[in-house]
Amino acid sequence: MIVATGSGHRRLGLPNEEELSGRSVSWCATCDGFFFRDHNIIVVGGGDTAMEEATLLTRFARSVTVIHRRSTLRASKAMQDRAFADKISFAFDSEITQIKETDGKLTCVVLRDTFTGATREQAATGLFIAIGHDPRTHLFTGQPELDAQGYLKVDAPSTRTNLPGTFAADDVVDHTYRQAIAAADTGCAAALHGEGANSV
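Predicted model only: the values in this text are computed from it and were never measured. (Residues numbered from 1 in each chain as written. Predicted model: local features only at pLDDT ≥ 70, side-chain atom pairs only at ≥ 80, totals over all residues. Heavy atoms only, no water.)

1. So, the side chain of Thr166
Part 1 of the reasoning: Tracing the sequence through the fold places Thr166 in the loop between strand E11 (133–135) and strand E12 (167–168).
Part 2 of the reasoning: Its relative accessible area of 7% is what places Thr166 among the buried residues.
Part 3 of the reasoning: Discounting chain neighbours no more than four positions away, the residues touching Thr166 are Met1, Val3, Thr159, Arg160 and Thr161. (Helix = DSSP H or I, 4+ residues; strand = E, 2+ residues; numbered from the N terminus. Buried < 20%, exposed > 50% of the residue type's maximum accessible area, 1.4 Å probe, protein only. Contact = heavy atoms within 4.5 Å.)

2. Quick look at the state of the cysteines
Part 1 of the reasoning: Within the structure shown, the criterion is met by 1 disulfide.
Part 2 of the reasoning: Each sulfur of the disulfide joining Cys28 and Cys31 lies 2.3 Å from the other. Residues Cys28 and Cys31 are joined through a disulfide that is right-handed, its torsion about the S-S bond being 70 degrees. (Disulfide = S-S within 2.5 Å.)

3. A few points about the environment of Arg136
Part 1 of the reasoning: Looking at the element boundaries, Arg136 is found in the loop between E11 and E12.
Part 2 of the reasoning: Taking C-alpha positions, Arg136 is 5.7 Å from Gly6, a pair spaced 130 residues apart along the chain.
Part 3 of the reasoning: Residues within four places of Arg136 in sequence aside, it is in contact with Thr5, Gly6, Ser7, Gly8 and Val172.

4. Focus: helix H2 (residues 48–57)
Part 1 of the reasoning: With 7 of 10 residues buried, H2 lies mostly within the body of the structure.
Part 2 of the reasoning: Every buried residue of H2 is accounted for by Ala50, Met51, Glu53, Ala54, Thr55, Leu56 and Leu57.
Part 3 of the reasoning: Residues of H2 that are buried sit in contact with helix H1 (29–32), strand E4 (40–44), strand E5 (63–67), helix H3 (77–85), strand E6 (88–91) and strand E10 (126–129).

Everything listed here is a matter of geometry and, on its own, says nothing about what the molecule does.
Encoded structure:
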């Protein structure tokens, strides 16, 4: 058996987030950035992915503002330097507490200062959420062994899990790349490992 259940984008968990998904809210600038041409966009996150998304979106957007709940970014220095040199504004020590919309379209978000608790509104017509991924392994709790982050553990460089005849591939084992090409690679490896196990 090959487990390839992938990973899912982390949500903010706010009302309207799912309702506005695919219209004003997105988790992928590469996929959806073009549709936000001349929009005022907010990107949530402080890691490499968020900086990459924000930098890409400056090609299309009227404005890009990064919202981060801490005082400093988690992104690598190279990614930070790129972002700070681009046409990107930053709102540090801030988190989104509410998404406001009119007629099914985003109009603004409510930000809360993580130190003072004070709130303010930030106008926006596009929201990109880049706060990480979670592996879809909840089905397997207590069966194949998981690591501390919830990914399936494999006997690297193979794709074998601790359960005989069970292999794992794609984002369910990939902490880093989460790309189709990497998923395809581990999928092929899992199939080959499974075939080898069956021939023994």
